[in-house]
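Listed below, chain by chain, are the residues.
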Amino acid sequence: MGGFSGDKNIFGPLETQAFKIYLKNKTITLINLYSRDPELTMLQDLNKLLKKDFIIMGDMNAHNKVWGSPFNSRQGKMYLEWVEEIGGVILNDGSHTRISTRFWIYI
């Protein structure tokens with residue numbers, strides 16, 4: 001039987017929500033992260049709290065060609081360095097992750 005629990009803002013200055021999903025044989029932590037201008041030390045502090053089996057998603061305000069941006073920002077380089085440091089995987093197929101409100105999109 002599964003279940004979940006939630007905590008809010010457990011990672012200090014980064015705006016976060018974290019939930020643990022309890023499965024029969026493992027626990028997975030889901031983390032929603034928002035950051036206007038992250039510092040690498042914040043991400044390294046996050047490492048200290050994370051164990052195994054976690055998924056991080058959110059609005060990092062970071063651009064990198066690896067996840068489909070046309071350019072690399074300082075934040076994008078930093079996040080990519082952090083993901084590589086922890087042995088993480090970017091789950092993006094190159095699709096845009098933001099739709100601008102300045103343009104109309106017809107579907």
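These numbers were taken from a predicted model, which means no experiment stands behind them.

**Student:** Tell me what's going on with the overall build of the protein, and back it up with residues and numbers.
**Tutor:** In terms of regular secondary structure, the protein is built from two helices and four strands. Reading the protein from its N terminus to its C terminus gives the helix and strand order β-β-β-α-β-α. Evaluated residue by residue, the protein yields a buried proportion of 24% over its 107 residues. The contacts in the protein between residues at least 6 apart in sequence include a share of 43% that link residues at least 24 apart. Split by element, the accessible area of the protein, about 8,200 Å² in all, is 56% carbon and sulfur.

**Student:** Tell me about the pattern of salt bridges, and please be specific about residues and values.
**Tutor:** The tally for this structure, following the rule as stated, stands at one salt bridge. With a closest N to O distance of 3.9 Å, Lys 26 and Asp 53 form a salt bridge. Here Lys 26, found in the loop between strand E2 (15–22) and strand E3 (27–34), pairs with Asp 53, found in the loop between helix H1 (40–49) and strand E4 (54–59); they are 27 residues apart in sequence, far enough to count as distant. Among the residues examined, Lys 26 registers a relative accessible area of 41% and is labelled partly exposed. The partly exposed category is assigned to Asp 53, whose relative accessible area is 29%.

**Student:** Report on the confidence of the model for the protein, specifying residues and quantitative values.
**Tutor:** Per-residue pLDDT for the protein has a mean of 75; in total, 71% of the residues score no lower than 70. Mean pLDDT across the elements of the protein bottoms out in strand E1 (residues 3–8) (45) and peaks in helix H2 (residues 74–85) (88). Here residues 1–10 is a poorly scored stretch, pLDDT under 50, and it has 28 contacts once near neighbours within four places are set aside; other chains count.

**Student:** I'd love a proper account of the nonpolar core, names of residues and values included.
**Tutor:** Core analysis: the largest hydrophobic core is formed by 14 residues, its most contacted members being Leu 43, Leu 46, Met 60, Ala 62, Trp 67, Tyr 79 and Trp 82. Every element with two or more residues in this core is listed here: E3, H1 and H2. When residues of this core are assigned to their parent elements, the largest contribution, five residues, is made by H2.

**Student:** How would you sum up unusual backbone geometry? Please name residues and give values.
**Tutor:** With phi around 50 degrees, Asn 61 is a residue other than glycine that occupies positive phi space. Structurally, Asn 61 can be placed in the loop between E4 and H2.

**Student:** Residues and numbers for the pairing of E2, please.
**Tutor:** Inspection of the sheet shows E2 paired to E3 by eight bridges, in the antiparallel sense. For Thr 16, the partnering residue across the bridge sits in E3 and is Leu 33. Adjacent in sequence and paired antiparallel, E2 and E3 are bridged by four residues.

What counts, and at which threshold
Residues numbered from 1 in each chain as written. Predicted model: local features only at pLDDT ≥ 70, side-chain atom pairs only at ≥ 80, totals over all residues. Heavy atoms only, no water. Helix = DSSP H or I, 4+ residues; strand = E, 2+ residues; numbered from the N terminus. Buried < 20%, exposed > 50% of the residue type's maximum accessible area, 1.4 Å probe, protein only. Contact = heavy atoms within 4.5 Å. Areas by Shrake-Rupley, 256 points an atom, 1.4 Å probe, with all protein chains shown as cover. Salt bridge = Lys/Arg side-chain N within 4 Å of Asp/Glu carboxyl O. pLDDT = per-residue confidence, 0-100. Core = buried A, V, L, I, M, F, W, Y, C linked by side-chain atoms within 4.5 Å. Pairing = 2+ DSSP bridges.

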